Amino acid sequence: MRKRSADRSRRDFLVSIHPRFVETIFSGRKTVELRRRFSDRAEANSLVFIYGTSPMRSLIGTARIVDVKRMPKACIWRQFGKQACVSKAEFEAYFSGIDFGYAILLDRVTRFREAIGADDLRQFGFVPPSILSVCS
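Our subject in this report is the structure included herewith.

Rules used in this analysis
Residues numbered from 1 in each chain as written. Predicted model: local features only at pLDDT ≥ 70, side-chain atom pairs only at ≥ 80, totals over all residues. Heavy atoms only, no water. Helix = DSSP H or I, 4+ residues; strand = E, 2+ residues; numbered from the N terminus. Buried < 20%, exposed > 50% of the residue type's maximum accessible area, 1.4 Å probe, protein only. Contact = heavy atoms within 4.5 Å. Areas by Shrake-Rupley, 256 points an atom, 1.4 Å probe, with all protein chains shown as cover. Core = buried A, V, L, I, M, F, W, Y, C linked by side-chain atoms within 4.5 Å.

**Observations regarding the overall build of the protein**
Thought 1: Within the protein, the regular secondary structure consists of four helices and five strands.
Thought 2: Reading the secondary structure of the protein in the N-to-C direction produces β-α-β-β-β-α-α-β-α.
Thought 3: The proportion of buried residues among the 136 residues of the protein is 44%.
Thought 4: Within the protein, contacts between residues at least 6 apart in sequence are counted, and of these 79% link residues at least 24 apart.
Thought 5: Entry remark: accessible area of the protein is about 7,700 Å², with carbon and sulfur atoms responsible for 51%.

As structure tokens, then:
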């Protein structure tokens with residue numbers, strides 16, 4: 001994970017997350033988001049904008065990235081499986097076919113007072129993501 005230099009602007013990210021996992025993030029139980037792919041340009045203190053997939057279909061809030069770890073999937077499970085709030089079977093299904101993945105460590109989770117629906121987001125050119133997975 002690169003540290004942000006003072007003269008560069010921060011890069012923030014939008015992630016689509018299944019409603020079950022959105023709720024565990026906002027409850028404080030899920031502190032690690034798992035991804036098959038993620039930007040290698042992620043930096044500490046960047047924001048993750050949390051979009052809840054169907055049936056929520058809304059931008060729900062934000063979390064701060066503490067760190068992003070790219071590592072072998074077996075290491076991800078050993079170190080972060082519990083904090084990711086997924087079963088071993090869900091984890092294996094999600095990471096099937098790849099050797100490395102990403103663990104995004106989150107804190108400072110903030111839920112918006114009002115979620116911003118997908119229809120409202122379209123006026124800004126936002127198109128809801130269509131590729132979903134068990135851990136997203």
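**With respect to the environment of T53**
Thought 1: Note on placement: T53 falls in the loop between β3 (47-52) and β4 (58-72).
Thought 2: In sequence terms T53 and A118 are 65 residues apart; their C-alpha atoms lie 9.6 Å from each other.

**Some remarks on the nonpolar core**
Thought 1: Within the largest apolar cluster, 31 residues are counted, with the highest numbers of intra-cluster contacts made by L34, F38, I50 and I65.
Thought 2: For this core, the secondary structure elements donating two or more residues are β1 (13-17), α1 (19-27), β2 (32-35), β3, β4, α2 (73-84), α3 (88-94) and β5 (100-117).
Thought 3: Counting residues in each nonpolar core, the second largest holds five residues, with Y51, A118, L121 and F126 among its members.

**A closer look at the environment of I98**
Thought 1: One can find I98 in the loop between α3 and β5.
Thought 2: Judged by its relative accessible area of 18%, I98 is buried.
Thought 3: On a C-alpha basis, the gap between I98 and R36 in space is 7.9 Å, while along the polypeptide they are 62 residues apart.

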